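Listed below are the residues making up each chain.
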Amino acid sequence: MESFESERAPLPRNMIENSMFEEEPDVVDLAKESPSYPIDSDDVVYEPRSSRLLVRGLGENDLDEDEEDYESSARLLGMSFMNRSSNQRSAASSYTRQQHSGSCTKPSTKTMVAGVLILVLLASLVMVIYFVPGCTFTRNGCLKTNSSMDSIYPISTSGELFPWTELRLPPSVHPVHYNISLHPNLTNMTFQGSVSILVEVLHETKNIVLHSSDMNITKATFENKEVHVLEYKPWQQIAIKFPEELKKGQYVLNINYTANLSNSYDGFYNSSYVDTNGTKRVLAATQFEPLAARKAFPCFDEPAFKSTFTIKMTRERKYISLSNMPKVKTTDLKNGLQEDEFEKSVKMSTYLVAFIVAEFISVSKNVSKTTVSVYAVPDKKDQVQYALETAGKLLDFYNTFFENDYPLSKLDLVAIPDFLAGAMENWGLITFRETTLLVGSNSSSIDKQLVTSVIAHELAHQWFGNLVTMRWWNDLWLNEGFATYMQYMSIETVFPDLDIDTEFLNVRFKALGKDALNSSHPVSTVVSTPEQVEEMFDSVSYEKGASILLMLNTTLKDGQFRKGVIEYLQKYNLSNTESEDLWNSLSQVSKQNLSVSEMMNTWTVQKGFPLVTVKRNGTRVTLTQEHFLLNAENSTDSSSLWHIPLTYVNDSCNHLSSCKQVFHLKNKTATLKLSSQVKWLKFNFRSDGFYIVQYDEEGWSDLISALKEDVNVLSSKDKAALINNIFALSRSDKVTFRQVLNLTDYIRNETATAPLTEALFQLGQIYRLLDKRSELNLASRMTSYIDEHFGSLMKNQSWNLESSVSKMTLRSALLEMACSLDIGDCRTQAKSLFDQWISNMTTQIPSDLMRTVFKVAAQTDEGWGKLLETYKHSINDPEKRKTLQALASTQDVRKIIWILQNSLDGSVIQTQEFPLVINTICKNFAGYLYAWDFVKENWDKIIQKFPVGSFAIQSIIMSATSQFSTKTHLIEAQNFFSSLGTKGSQMRIVQEAIETIKLNMRWMDNNLNTLQRWL
């Protein structure tokens, strides 16, 4: 699956699946671990308005007009968090300490006997409560699942004992084949279903346990005999108990049921859109990964329970239906209905099953033995051709690269108007956001880069994830890390003009930033609860997974990586695997004296990555590794060691791959011998390794001097990596910010895209921190610093159409920063271009500049109003998305509140865009506190739309909190998150948010004086 949204890059996550935004079943005991920070909401009371009041320096009663308007809006929206807080305080206040009277008397024998009996009864009652599922003695009482339940049977909805005690299904029964019949009613948004499951009993058992969620089971039979179904809703499980043990063999289980089409973005859900004639159109589509197939049909909903599927879909004549396999036949039924039947599928996991009922059009072409088709709504039929050609080329590449042809006879790519993820790799029926599949006539090469990346990612999944699937979600990276790596590798080969290398470099920097937090996790980690499964769709599984595969590929020689991958796919065809299976396949083909398993386990089973410190003394270089943490004060482990394939170049040879030298650093410390002629060293050639480097003072000085003498002495990737590394080292207090400025001084002479955009990104982060702290003088001086170092480049940028992706990437970054900070005549130029576009719609704004131009226009009432009309009526998805970002960048508080309300409600703005709206609003001073308050006050509604732990929730939380840097906001965030209980208090992203605020506080405290002196 592709996540969607990252702040630093125009491409995905997959969460690019889980990859927009950029920029992816709340049932278990979240109380098993206490957070690593104190977030007791009883310590400090949360008041929704306080964040805005304190920053603006207003007194408690000094609300300005905008504040009063917001409070009115809050009341109209039914925001109830203040009431919840006061209720909690009232409840807490009833517990008061009683005073002793100062005397006591000896009780009578009768009193003592009665007391003992009462104590026994109370103890018995406590034991009963404790062992009843869902009732533990937590702050929130019986809302949390009892963590000691592993030997106690839960109580089903009927009051009977449920015969299973674990979240994972028992291994005694496996599915062999499903026959699924579905009839969605797109008028009342319900569906009827029946499933016949051929199961195999592998071990004698008295129970069959499987998954089901939000269904009304009307009838169930086992071997044609009606059976009673038990349900335990907290674990989304159903069970059938038998009086005698089932013998080994195959049996048939039939279940009939009804359900509502989901109104969120998972399961079998309903969606709608308005066509160009103003007619509302409805459709039904699926999103099952990771845990939502159980919402469409009862099933064994775990990746290892692979099976085959035959699907039948009943529909009205005006619709078409699609599924994983080609359609076999259509049968006319009564009442004008038709039933489509699809071929029996290949063996696959339930999360890959998919079906759609909609009014779509398509174009097709044959690629090898496969019919490739692209589907979209009729209004966008002219936007599908690029995806069709791109998918054909990439399918050819993967067939050749893997030496294992795509096994199905058809491959459909479908643009869904209302879709949360970037895309989903359902076997043979890949679903996409319209933004990640459709390309209009005015789309730029950057727009095509995004679409190409998502298609490449999802096609790679047809092998990594579909053909060979991870055994359990703890190894999700085998799916997502591989698909992410292959998307960049394939595009570099098939579409070299798209400059995907720079994007992959940004992706690696993003992964380093996340993995440097103490709240990070190993690539392969323990996963048990549904929330933990959702949280695995993050930067570690995607970008770090891809990064360590790049490092391994550049370490192995003579195509050994590809040979090992081919061996892996052939050996585990249609099976499930663990990380060790991949390492074993690569080890078998490796001709080097290198244990792939030994090396790579150091990167997958422990969290984080190493900092390599380089100290040179003449010809002797001392290398030391340690776990790099931005907040080393709270380090959980200082003994971590990695097997690092350390690469380096020097002043005599530094651009070509042949210049690269390799040293395997396995121990804490090692030494390296150099020639006395070597002037300087640059480690981590092209940033292909997943680590950062700290040089001694002389090492940094030599590199900075070399860059000032010749700006092209290093490759653009190496220069970008130096900038990224030194900012990270500054955040961890390992270098002073003065040293950062020493390096960035060279940037005046830089022209390469990668180092310039990385420097802009890092300086922009600091500017926003200063701005949010109302350090107006320092923010102004930072603007001057950026103008001094980038101003001439900004001034020289063209506002005309451009074809080079690299030039467009640089231009859009420079001009967006210039207009945001009002440097030069950027805003004048942007306004002029917008006025021309409005007065003459044949005037074309270059797609890479559209967001910048629209953001400038959105600062006036007239411009904002025109952009809103454009948003409502545009059928060009890249344009529509950039328009929305511009609307959300307004400084007008009333408009900010309106766009927050409408994006969550899904009325004018689709709810799928809510994470993007929050991300955009929070970048600006005018709206970031309103967005934070809106998130807090509407949390219950938000988690109804987006699953707890999902990529969307991760994005919302980090966008809303990542620029806080004061003690007040830290306490407020801690109190809010601790108040959530099972609604999210112990999500990993909460720990990341708290840690990030503390890091911001520390950095500001340590560097404000330096900034005062040196900016």
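Everything numeric here is computed off the predicted structure, so don't read it as measured data.

Caption draft 1: Broad picture of the overall build of the protein chain. The number of helices and strands found in the protein chain is 30 helices and 29 strands. Across the 1015 residues of the protein chain, 61% fall into the buried class. Accessible surface for the protein chain amounts to roughly 39,100 Å². Of this, 48% is attributable to carbon and sulfur atoms.

Caption draft 2: Local environment of the sheet that holds strand 3 (residues 205-211). The antiparallel open sheet is built from three strands, whose spatial order is 3-7-6. Only two strands of the sheet have a single neighbouring strand rather than two, namely strand 3 and strand 6 (230-232). Ignoring which end each strand starts from, the neighbouring axes of this sheet average 30° apart. Note that strand 3 and strand 7 (residues 237-246) share six bridges and pair antiparallel. Its bridge partner being in strand 7, I208 is matched across the sheet by I240.

Caption draft 3: Representation of the sheet that holds strand 26 (residues 661-665). Reading across the sheet, the three strands line up as 26-25-28 and stay open at both edges, with antiparallel pairing between neighbours. Edge positions in the sheet fall to strand 26 and strand 28 (681-683), since each has one partner strand and no second. Neighbour to neighbour, the strand axes of the sheet diverge by 35° on average, direction disregarded. Here strand 25 (residues 644-650) pairs with strand 26 via five bridges, running antiparallel. Bridge pairing in strand 26 links I644 to L665.

Caption draft 4: Layout of unusual backbone geometry. Residue E289 is joined to P290 through a cis peptide bond whose omega torsion reads 5°. Mapped onto the elements of the fold, P290 is located in the loop between strand 10 (280-287) and strand 11 (308-316). A positive phi angle is found at D558, which is not glycine, with a value near 55°. Taking relative accessible area as the criterion, D558 reaches 64% and is therefore assigned exposed. The backbone of N684 sits at a positive phi, close to 65°, despite the residue not being glycine. Locating N684 in the fold gives a position in the loop between strand 28 and strand 29 (692-695).

Caption draft 5: Structural context of the state of the cysteines. Under the definition given, this model contains two disulfides. Across a sulfur-sulfur distance of 1.7 Å, C653 and C659 are joined as a disulfide pair. Looking down the S-S bond of the C653 and C659 bridge, the torsion is -65°, so its handedness is left-handed. Bridging C819 to C826, the disulfide has an S-S length of 2.0 Å. With the S-S dihedral at roughly -90°, the linkage between C819 and C826 falls on the left-handed side. The buried category is assigned to C819, whose relative accessible area is 5%. Since its relative accessible area comes to 3%, C826 is described here as buried.

Caption draft 6: The pattern of salt bridges, seen in detail. Under the counting rule described, the total for this entry stands at 43 salt bridges. R168 serves as the salt-bridge partner of E302, at 3.5 Å between the closest nitrogen and oxygen. Residue E302 is located in the loop between strand 10 and strand 11, and its partner R168 is located in the loop between helix 4 (109-131) and strand 1 (173-185); the two are separated by 134 residues in the primary sequence. For E302, a relative accessible area of 6% translates into the label buried. A salt bridge links K544 to D515, with the nearest nitrogen and oxygen atoms 2.6 Å apart.

Caption draft 7: Seen up close, the packing of aromatic side chains. All chains considered together, the criterion is met by 53 aromatic pairs. Measuring from centroid to centroid gives 5.7 Å for F300 and F305, while their planes differ by 45°, and the two rings are tilted. On the accessibility criterion, F300 (0% relative accessible area) is buried. Each ring, one from F914 and one from F946, has its centre 6.4 Å from the other, and the planes form 15°; the classification is stacked. With F914 in helix 25 (residues 914-921) and F946 in the loop between helix 27 (939-945) and helix 28 (951-961), this pair connects stretches of sequence that are 32 residues apart. Residue placement shows K880 over the ring face of Y871; its charged tip is 4.3 Å from the ring centre. Positioned above the aromatic ring of W864, the side-chain terminus of K895 is 5.5 Å from the ring centre.

Caption draft 8: Seen up close, a nonpolar patch on the surface. There is a patch of nonpolar side chains on the surface, built from Y153, I155 and L161 and spanning about 280 Å² of accessible area. By secondary structure assignment, the location of I155 is in the loop between helix 4 and strand 1. The exposure class assigned to I155 is partly exposed, which follows from its relative accessible area of 36%.

Caption draft 9: Fine view of the layout of surface pockets. Approximately 1,100 Å³ is the volume found for the second largest pocket. Every residue lining the second largest pocket is counted, 43 residues in all, and those nearest its centre are S272, Y273, V274, V908 and Q910. Going through the elements one at a time, strand 9 (267-274), strand 10, helix 22 (861-873) and helix 23 (877-888) are the ones with two or more residues in the lining of the second largest pocket. Along the lines of polarity and charge, the residues of the lining of the second largest pocket split into 13 nonpolar, 16 polar and 14 charged.

Caption draft 10: The arrangement of the packing of helix 24 (residues 893-905) against helix 25 in detail. Between helix 24 and helix 25, the least distance of the axes is 9 Å, while the angle of their chain directions is 160°. It follows from the interaxial angle that helix 24 and helix 25 lie roughly antiparallel. Judged by the twist between their axes, the crossing of helix 24 over helix 25 is left-handed. Facing helix 24, whose interface residues are I896, I899, L900, S903 and L904, helix 25 presents F914, V917, I918 and I921. Across the contact of helix 24 with helix 25, the residue classes tally to eight nonpolar, one polar and no charged.

Caption draft 11: Representation of the side chain of T525 within the structure. Position of T525 relative to the elements: it lies in the loop between helix 8 (500-515) and helix 9 (530-535). Of the residues examined, T525 reaches a relative accessible area of 16% and is grouped as buried. Those residues in contact with T525 that sit more than four places away from it in its chain are N474 and M536.

Caption draft 12: Up close: helix 5 (residues 385-402). Over its 18 residues, helix 5 runs 26 Å from end to end, which matches the ideal 26 Å to within 8%, given 1.5 Å per residue. Those residues of helix 5 not exposed but buried are A387, L388, T390, A391, G392, L394, L395, F397, Y398, N399, F401 and F402. Residues of helix 5 that are buried in the fold lie against strand 16 (361-367), strand 17 (370-376), strand 18 (410-416), helix 6 (445-461), helix 7 (477-494) and helix 11 (560-571). Residue E403 follows helix 5 closely and has a positive phi angle near 50°.

Caption draft 13: Here's a closer look at helix 7. Between its first and last C-alpha, helix 7 extends 24 Å over 18 residues, near the 26 Å set by a 1.5 Å rise per residue. Counting buried residues along helix 7, 15 of its 18 residues qualify, which places the element largely inside the surrounding structure.

Caption draft 14: Inspection of the packing of helix 25 against helix 28 at higher detail. Orientation of helix 25 relative to helix 28, taken along the N-to-C sense of each, is 15°, at an axis distance of 9 Å. Looking at the two axes, helix 25 sits roughly parallel to helix 28. Judged by the twist between their axes, the crossing of helix 25 over helix 28 is left-handed. Contacts between helix 25 and helix 28 involve F914, P915, I918 and N919 on the former and, on the latter, A952, S955, I956, S959 and A960. For the contact of helix 25 with helix 28, the per-class residue count stands at six nonpolar, three polar and no charged.

Calculation notes
Residues numbered from 1 in each chain as written. Predicted model: local features only at pLDDT ≥ 70, side-chain atom pairs only at ≥ 80, totals over all residues. Heavy atoms only, no water. Helix = DSSP H or I, 4+ residues; strand = E, 2+ residues; numbered from the N terminus. Buried < 20%, exposed > 50% of the residue type's maximum accessible area, 1.4 Å probe, protein only. Areas by Shrake-Rupley, 256 points an atom, 1.4 Å probe, with all protein chains shown as cover. Pairing = 2+ DSSP bridges. Axes fitted to C-alpha atoms, helices over the stretch in contact; angles between N-to-C directions. Disulfide = S-S within 2.5 Å. Salt bridge = Lys/Arg side-chain N within 4 Å of Asp/Glu carboxyl O. Phe/Tyr/Trp six-rings, centres within 6.5 Å; stacked < 30°, edge-to-face > 60°. Lys NZ or Arg CZ within 6 Å of the ring centre and 35° of its normal. Patch = residues over 30% accessible without salt bridge, like charges linked within 9 Å, V, L, I, M, F, W, Y side chains within 5 Å. 1 Å grid on protein atoms, 1.4 Å probe; cavity = no way out; pocket = protein on both sides within 12 Å on 5 of 7 lines; lining within 4 Å. Points joined across faces, edges and corners; volume = space filled by probe spheres on them. Nonpolar A, V, L, I, M, F, W, Y, C, P; charged D, E, K, R; others polar. Parallel < 35°, antiparallel > 145°, perpendicular 65-115°, else oblique. Left-handed = near helix turned anticlockwise from the far one by under 90°. Contact = heavy atoms within 4.5 Å. Expected span 1.5 Å × (residues − 1).

None of the figures reported here should be taken as evidence of function without further support.
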